[in-house]
Amino acid sequence: ACDRAVRAARAAWTAVATFYSSAGGWYLCFFGGMACLHPFFPIFLRSRGLDEVQVGTLLTLRRWLAGGLGPLICGLADWLHVRRAVLLVSFSLVLALHALYPLGRKYWQFVVLLTIDAALEPQVSALADSAVASAAKAGGPSYGAVR
């Protein structure tokens, strides 16, 4: 009975690891998480004592920075041929950064967090797309099928 339980646990873990390591699973978790959390982010910021102007400024700042920094960092990663490393480091740092949001209490703390977030998060999606497109070009599943 114990052997069966161990085999079942290993099989379950393998299935979970395969799902999360697959590009389709990554897209589902990444964009699904954003779809579930982003609409409530302004409410979260308000609950931390920020007023409407501060929340609007933070969200605008984040989008403007992401629009400029994302393509710059992706272009640099492509030019230096370090896309995979930048993707893994950026994704890891975004996860760690998002864990810090509940600790924020002051406007300036959120300015710092959102500035770093804006510098990291856009290239996660762009570099993941690039990796999937490269894999499709090399004979893997098509980009559209994965996405």
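No experiment lies behind these values; they were computed from the predicted model shown.

### Regarding the overall build of the chain
- Counting secondary structure elements, the chain contains seven helices and zero strands.
- The N-to-C order of helical and strand elements in the chain reads α-α-α-α-α-α-α.
- Sorting the 147 residues of the chain into buried and exposed places 25% on the buried side.
- Once local pairs closer than 6 in sequence are excluded, the contacts in the chain between residues at least 24 apart make up 67%.

### Observations regarding helix 4 (residues 52–79)
- The terminal C-alpha atoms of helix 4, which comprises 28 residues, lie 40 Å apart, in line with the 40 Å expected from a rise of 1.5 Å per residue.
- When we look at burial in helix 4, the residues that qualify are Val-55, Leu-58, Arg-62, Ala-66, Gly-70, Cys-74 and Ala-77.
- Measuring from the backbone nitrogen of Val-53 back to the side-chain oxygen at the start of helix 4 gives 3.1 Å, which picks out Asp-51 as the cap.
- Of the residues one or two after helix 4, His-81 is the one with positive phi, at around 60 degrees.

### Details of the packing of aromatic side chains
- Overall, the coordinates contain three aromatic pairs when judged by the stated rule.
- Their ring planes at 70 degrees and their centres at 5.3 Å tell us that Phe-41 and Tyr-101 sit as a pair that is edge-to-face. Of the two residues, Phe-41 is situated in helix 3 (residues 41–47) and Tyr-101 in the loop between helix 5 (83–100) and helix 6 (107–137); the sequence distance between them amounts to 60 residues. With respect to class, Phe-41 is no different from Tyr-101; both count as buried.
- A ring pair is formed by Phe-44 and Phe-110, whose centres lie 6.1 Å apart and whose planes are at 85 degrees; its orientation type is edge-to-face. Of this pair, Phe-44 sits in helix 3 while Phe-110 sits in helix 6; the two residues are 66 residues apart in sequence, bridging distant segments of the chain.
- Taking the relative accessible area as the measure of exposure, Phe-110 reaches 0% and is therefore buried.

### Observations concerning the layout of surface pockets
- Estimated volume of the largest pocket: approximately 640 Å³.
- In this structure, the largest pocket is lined by 24 residues; those nearest its centre are Met-34, Leu-37, His-38, His-98 and Glu-121.
- For the lining of the largest pocket, the secondary-structure elements that each account for two or more residues are helix 2 (23–37), helix 3, helix 4, helix 5 and helix 6.
- No other element matches helix 2, which puts seven residues into the lining of the largest pocket.
- When its residues are assigned to classes, the lining of the largest pocket shows 16 nonpolar, four polar and four charged.

### Remarks on a nonpolar patch on the surface
- Taken together, the side chains of Leu-76, Trp-79, Leu-80 and Val-82 define a hydrophobic patch exposed on the protein surface, amounting to about 430 Å² of accessible area.
- Here Val-82 lies in the loop between helix 4 and helix 5.
- According to the relative accessible area criterion, Val-82 is partly exposed, its value standing at 33%.

### Considering the pattern of salt bridges
- Applying the stated criterion across every chain yields a total of three salt bridges.
- As a salt-bridge pair, Arg-46 and Glu-52 come within 3.4 Å of each other at their nearest N and O atoms.
- Overall, Arg-46 belongs to the partly exposed group, its relative accessible area being 40%.
- For Glu-52, a relative accessible area of 56% puts it in the exposed group.
- Between Asp-78 and Arg-83 there is a salt bridge, with its nearest N and O atoms 3.3 Å apart.

### Concerning the nonpolar core
- Core analysis: the biggest nonpolar cluster contains 13 residues, and Trp-26, Leu-87, Val-124 and Leu-127 have the highest contact counts within it.
- Elements with a contribution of two residues or more to this core: helix 2, helix 4, helix 5 and helix 6.
- A per-element tally of this core places helix 6 first, with five residues.
- Judged by nonpolar contacts, the second largest core, of 10 residues, contains Leu-50, Leu-58, Tyr-101 and Leu-114.

Each value, and the rule that gives it
Residues numbered from 1 in each chain as written. Predicted model: local features only at pLDDT ≥ 70, side-chain atom pairs only at ≥ 80, totals over all residues. Heavy atoms only, no water. Helix = DSSP H or I, 4+ residues; strand = E, 2+ residues; numbered from the N terminus. Buried < 20%, exposed > 50% of the residue type's maximum accessible area, 1.4 Å probe, protein only. Contact = heavy atoms within 4.5 Å. Expected span 1.5 Å × (residues − 1). Polar contact = N/O pair within 3.5 Å; in protein donor to acceptor, adjacent residues only side chain to side chain. Phe/Tyr/Trp six-rings, centres within 6.5 Å; stacked < 30°, edge-to-face > 60°. 1 Å grid on protein atoms, 1.4 Å probe; cavity = no way out; pocket = protein on both sides within 12 Å on 5 of 7 lines; lining within 4 Å. Points joined across faces, edges and corners; volume = space filled by probe spheres on them. Nonpolar A, V, L, I, M, F, W, Y, C, P; charged D, E, K, R; others polar. Patch = residues over 30% accessible without salt bridge, like charges linked within 9 Å, V, L, I, M, F, W, Y side chains within 5 Å. Areas by Shrake-Rupley, 256 points an atom, 1.4 Å probe, with all protein chains shown as cover. Salt bridge = Lys/Arg side-chain N within 4 Å of Asp/Glu carboxyl O. Core = buried A, V, L, I, M, F, W, Y, C linked by side-chain atoms within 4.5 Å.

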